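Results of the structural survey
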Amino acid sequence: MKQKLKRLDQHKMLSLYLLALVLWAVYALACAGWDALGFATGRLHTQTLALSDLTMQDIVQDEAGSWVTAGGDPQLQLALDQPVRSVTFATDAPASGFEGYYGKAGQDPSLRRRVWAAETAPGQVTLVFPMGSGSVRIDPAGSEGVVLGEADAVLTVNAPLPLWQYFRPLGEQALALAVLPALLAALWDLGAFWAARLRR
C-alpha cells in the first residue's frame, strides 16, 4: 500500500490530469444524454429566428438591406421559452469576432459567463452554451461596418450538436481543466510538507 501511495505521489500531476479528463468525459456524455432527453420530451426544439425579430443594439440595416454593425458595442439579445444550448448563424463575418454571454432565465447575461464562437462550416458560426442558459446575448463584432448578413438573415437555435462538440470545453471550462489539476497538485505538496513538519 505504501509503495502504491509513493508511486501516486511521484506521478500525482499526471494522475490528477487523467482524473480531470475522465470526469470531463463523464460530464460531456451526461450533457449529450440530457440534451437527447430534452429533444425527446420537447423541452428543447430547433427554432429559426429572423434577425429582424431580435432585440438589437448598434446593429442596423444599410441601404442595400444588409445587417451591419453601427457602433462600438453591437449586441443580439435572445430571451426564449426554452433553454438555449446552441446558436448557429450563417455569416461571412469572422467567428473570432463573436462572443456569447449567458445567464439563467430572467437574468441579464453576465460578462463573467462567456463563450466563444467557432466556425463549424464555411460561412457558418456556432456558439454553444452550458445547460440551462435561459437568457443569451451575442456580441457579433467589436467594430463598426461589419456585415453580419443579408436582409433575410436568420439564427438557428438548438440545432442538434454532433457528439464531439460536447467534449469541447466552453469558455472558462478550458481554463479550469488546465489549471485545477496543477493547483490540486500544489495543495497536495503543501499538505504533505506540513504533515511532515507536524510529525517531527
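Scroll up to find the structure.
Summary of the structure given here.

This next bit is on the packing of aromatic side chains. This model, assessed by the stated rule, comprises three aromatic pairs. Each ring, one from tryptophan 24 and one from tyrosine 27, has its centre 5.3 Å from the other, and the planes form 40°; the classification is tilted. Of this pair, tryptophan 24 and tyrosine 27 both sit in helix α2 (residues 12-41), three residues apart, roughly one helical turn. Judged by its relative accessible area of 34%, tyrosine 27 is partly exposed.

The next subject is unusual backbone geometry. Positive phi, normally seen in glycine, also occurs at aspartate 58, with a value near 55°. Positionally, aspartate 58 belongs in the loop between β2 (55-57) and β3 (59-61). Aspartate 58 gets classed as partly exposed once you look at its relative accessible area, which sits at 30%. A positive phi angle is found at asparagine 158, which is not glycine, with a value near 65°. Note on placement: asparagine 158 falls in the loop between β13 (154-157) and α3 (172-199). The exposure class assigned to asparagine 158 is buried, which follows from its relative accessible area of 1%.

Before going further, it helps to examine the sheet that holds strand β1 (residues 47-50). Read from one edge of the open sheet, five strands run β1-β13-β6-β10-β9, paired in antiparallel fashion. Two strands in the sheet have a free side with no partner beyond their single neighbour: β1 and β9 (118-121). Between one strand axis and the next, the sheet turns by 30° as a mean value, whatever way the strands run. Note: strand β6 (residues 86-90) against strand β10 (residues 124-128), five bridges, orientation antiparallel. Residue threonine 88 lies in a different strand from β10, and its bridge partner there is threonine 126.

Let us look at the sheet that holds β3. The three strands are arranged β3-β4-β12 in an open sheet whose pairing can be described as antiparallel. A single partner strand is all that each edge strand has here, and the edge strands are β3 and β12 (147-149). Here the strands of the sheet are splayed against their neighbours by 35° on average, with no regard to which way each runs. Where β3 meets strand β4 (residues 67-69), three bridges bridge the pair, whose relative direction is antiparallel. Pairing of glutamine 61 across the sheet is with tryptophan 67, part of β4.

The next point concerns the pattern of salt bridges. Applying the stated criterion across every chain, the model contains three salt bridges. Linking glutamate 99 and arginine 114 is a salt bridge whose minimum nitrogen-to-oxygen distance equals 3.7 Å. Placement of the pair is glutamate 99 in strand β7 (residues 99-103) and arginine 114 in strand β8 (residues 114-116), with a sequence separation of 15 residues. A relative accessible area of 26% places arginine 114 in the partly exposed class. As a salt-bridge pair, aspartate 139 and arginine 137 come within 2.8 Å of each other at their nearest N and O atoms.

Let us look at α2. The terminal C-alpha atoms of α2, which comprises 30 residues, lie 43 Å apart, in line with the 44 Å expected from a rise of 1.5 Å per residue. Listed in full, the buried residues belonging to α2 are Lys12, Leu16, Ala20, Trp24, Ala28, Cys31, Ala32, Asp35 and Gly38. Once α2 ends, the next one or two residues include glycine 42, with phi positive near 90°.

Grouped together as the largest cluster of nonpolar side chains are 34 residues, with contacts concentrated most on Leu78, Phe98, Phe129, Ile138 and Leu148. Secondary-structure elements contributing two or more residues to this core are α2, β5 (75-79), β6, β10, β11 (135-139) and β13. With residues up to four places along the chain from it excluded, the contact list for leucine 148 reads Ile59, Trp67, Thr69, Phe89, Ala90, Thr91, Ala93, Phe98 and Pro140.

So, how was this worked out
Residues numbered from 1 in each chain as written. Predicted model: local features only at pLDDT ≥ 70, side-chain atom pairs only at ≥ 80, totals over all residues. Heavy atoms only, no water. Phe/Tyr/Trp six-rings, centres within 6.5 Å; stacked < 30°, edge-to-face > 60°. Helix = DSSP H or I, 4+ residues; strand = E, 2+ residues; numbered from the N terminus. Buried < 20%, exposed > 50% of the residue type's maximum accessible area, 1.4 Å probe, protein only. Pairing = 2+ DSSP bridges. Axes fitted to C-alpha atoms, helices over the stretch in contact; angles between N-to-C directions. Salt bridge = Lys/Arg side-chain N within 4 Å of Asp/Glu carboxyl O. Expected span 1.5 Å × (residues − 1). Core = buried A, V, L, I, M, F, W, Y, C linked by side-chain atoms within 4.5 Å. Contact = heavy atoms within 4.5 Å.

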